[in-house]
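An overview of the molecular structure
Below, each chain spelled out in residue letters.
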Amino acid sequence: MTRIGPTTHVLLLGATGGIGSSVMEALLVRGARVRALSRNAAQAAARNRLVDWRQGDAMEVQDVRAAAEGVDIIVHAVNPPRYRHWDRLVLPMLENTIAAARATGATILLPGTVYNFGPDVFPLIPDDAPQNPVTGKGEIRKAMEIRLQDAAKAGVRSIVLRAGDFFGPSVGNSWFAQVLVSPGRPVGTITLPGDSGIGHQWAYLPDVAAAMLALLDRRDTLAPFEAAQFGGTWDEDGLVLARSIRRAVERPDLPVRSFPWWTLPLAAPFSETVREIRAMRYLWRRPVRMDNAKLVGLIGEEPHTPLDGAIATTLRGLGCLSADQRDRAAGFPQALLR
């Protein structure tokens, strides 16, 4: 096992996003040497001087290749913001990462999703289930994994960890932060995307990051292309997170309402984001859960922060708690980064 530590050099693409920032924090706790690519490196360095920020763009292969010089791992957590131009940007960015890994011998880590899969493998999805996506974004996610599988045949090692819908203190672009609550304001109501009684899988990002590092610790013993799935929090009736939010804000009577899906067709012609959100409704109409048996077999135990602590920390990070609530939330246990 090659445990990540002070002698490990990591290039992080998408460092300012939700998953990227969580992985960055976990790497810094381990003492790893973290390098990140940014289109505004000077501004990023002013915010975080523990990271070696390099000026560049993930769409430019020469920028990625230069930033990857001498690294052991490339974390490919970069995504186009707000779903824009996915069809034109996502695969070229991944190809640039593959080219850099081929040149340097680095292992690629890719955060994966459930979008690869269609209803034919619901409700419990094994890690090796056939991938028959029903959305354009799902087709791209499937293609990303195929590209990594093909690269593995040519000697480029990679790891994919698929996870459910994210929540966490630094996740702005998520169902949790964009639908369940409103960042920057006290929680006045909880909006649920799913139908009553329908289970849903959630993933607390600090725990996902810890699981990723556990896989990277074992990268030399894994298959050239390894894909596993994160179990996270199973919301068995669609109300588990809502009840935890109520406890965090100390309002057991906090109203819960259903997401107004009926309004989306009106806005869809004018917004790519709305069209993508509407396309994902199939994931909320029936229980969908990814099996984490392979991950547990690989790392021994999945990292798990108690839900109330994870929710309180998330709400505090999103600016949804009062001063007194923030003080109490600070006492909840945080994720164990191992």
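Just so it is clear, the model here is predicted, and its values are computed rather than measured.

**Looking at the overall build of the protein chain**
Summing up its helical and strand segments, the protein chain has 13 helices and 14 strands in all. Judged by the C-alpha coordinates and their principal axes, the protein chain covers about 55 × 45 × 40 Å. Within the protein chain, the proportion of its 338 residues that are buried is 53%. Approximately 14,600 Å² of the protein chain is accessible, and the part contributed by carbon and sulfur atoms is 51%. The distance from the centre of the 39 positive side-chain charges to the centre of the 34 negative ones in the protein chain is 4 Å.

**With respect to the pairing of strand β1 (residues 9–13)**
When you tally the buried positions in β1, you get 4 out of 5 residues, the bulk of the element. The pairing of β1 with strand β2 (residues 33–38) spans 4 bridges and is parallel. The partner of His9 across the bridge, within β2, is Arg33. Following the backbone out of β1, through helix α1 (residues 18–30) and into the adjacent parallel β2, one traces a crossover that is right-handed. When β1 meets strand β4 (residues 73–76), the two strands line up parallel, connected through 4 bridges. Bridging across to β4, Leu11 finds its partner in Ile74.

**Topic: the sheet that holds strand β10 (residues 200–204)**
The strand order across the open sheet built from 3 strands is β8-β10-β12, with neighbouring strands paired in mixed fashion. The sheet terminates laterally at β8 (165–167) and β12 (233–235), the two strands that pair on one side only. If you compare each strand with its neighbour and ignore which way they point, the axes differ by 35 degrees on average. Pairing geometry for β8 and β10, over 3 bridges, is parallel. Within β10, the residue paired with Phe166 across the bridge is Ala203. Sheet strands in contact with helix α7 (residues 205–217) are β8 and β10, and its direction is about 75 degrees off that of β10.

**Brief notes about unusual backbone geometry**
Following Phe122, the chain continues into Pro123 via a peptide bond in cis, with omega recorded as 10 degrees. When you line up the elements, Pro123 lands in the loop between β5 (107–112) and β6 (124–125). Of note, Glu250 is a non-glycine position whose phi angle comes to about 60 degrees, a positive value. Tracing the chain through its elements places Glu250 in the loop between α8 (240–249) and β13 (256–258).

**Brief notes about the packing of aromatic side chains**
With the rule as written, the count across this model stands at 10 aromatic pairs. Between the aromatic rings of Phe167 and Trp202, the centroid separation amounts to 6.5 Å while the plane-to-plane angle is 80 degrees, which identifies the pairing as edge-to-face. With Phe167 in strand β8 and Trp202 in strand β10, the pair connects residues that are 35 residues apart, well separated along the chain. Of the two residues, Phe167 and Trp202, neither departs from the other in class, the shared state being buried. Taking the centre distance of 5.3 Å and the plane angle of 35 degrees together, the rings of Phe167 and Tyr204 count as tilted. Residue Phe167 is located in strand β8, and its partner Tyr204 is located in strand β10; the two are separated by 37 residues in the primary sequence. In this structure Phe167 comes out as buried when scored by relative accessible area, which is 1%. For Tyr204, a relative accessible area of 4% puts it in the buried group. Three or more aromatic residues link up through ring pairs in this structure, and these residues are Phe167, Trp175, Phe176, Trp202, Tyr204, Phe259, Trp261 and Trp284.

**Topic: the pattern of salt bridges**
Two side chains with opposite charge may pair up if their charged atoms get near one another. Evaluated as defined, the whole model comprises 12 salt bridges. Between Asp217 and Arg30 there is a salt bridge, and its shortest N-O distance comes to 2.9 Å. Here Asp217 is found in helix α7, whereas its partner Arg30 is found in helix α1, with 187 residues between them in sequence. In this pair, the class of Asp217 matches that of Arg30, namely buried. Salt bridges here are not isolated pairs; linked through shared partners, they connect Arg3, Arg30 and Asp217.

Rules used throughout
- Residues numbered from 1 in each chain as written.
- Predicted model: local features only at pLDDT ≥ 70, side-chain atom pairs only at ≥ 80, totals over all residues.
- Heavy atoms only, no water.
- Helix = DSSP H or I, 4+ residues; strand = E, 2+ residues; numbered from the N terminus.
- Buried < 20%, exposed > 50% of the residue type's maximum accessible area, 1.4 Å probe, protein only.
- Areas by Shrake-Rupley, 256 points an atom, 1.4 Å probe, with all protein chains shown as cover.
- Lys, Arg positive; Asp, Glu negative; His and termini not counted.
- Charge placed at Lys NZ, Arg CZ, Asp CG, Glu CD.
- Pairing = 2+ DSSP bridges.
- Right-handed = clockwise from strand over helix to strand, strands pointing away.
- Axes fitted to C-alpha atoms, helices over the stretch in contact; angles between N-to-C directions.
- Contact = heavy atoms within 4.5 Å.
- Phe/Tyr/Trp six-rings, centres within 6.5 Å; stacked < 30°, edge-to-face > 60°.
- Salt bridge = Lys/Arg side-chain N within 4 Å of Asp/Glu carboxyl O.

These results come straight from atomic positions and should not be treated as a statement about function.
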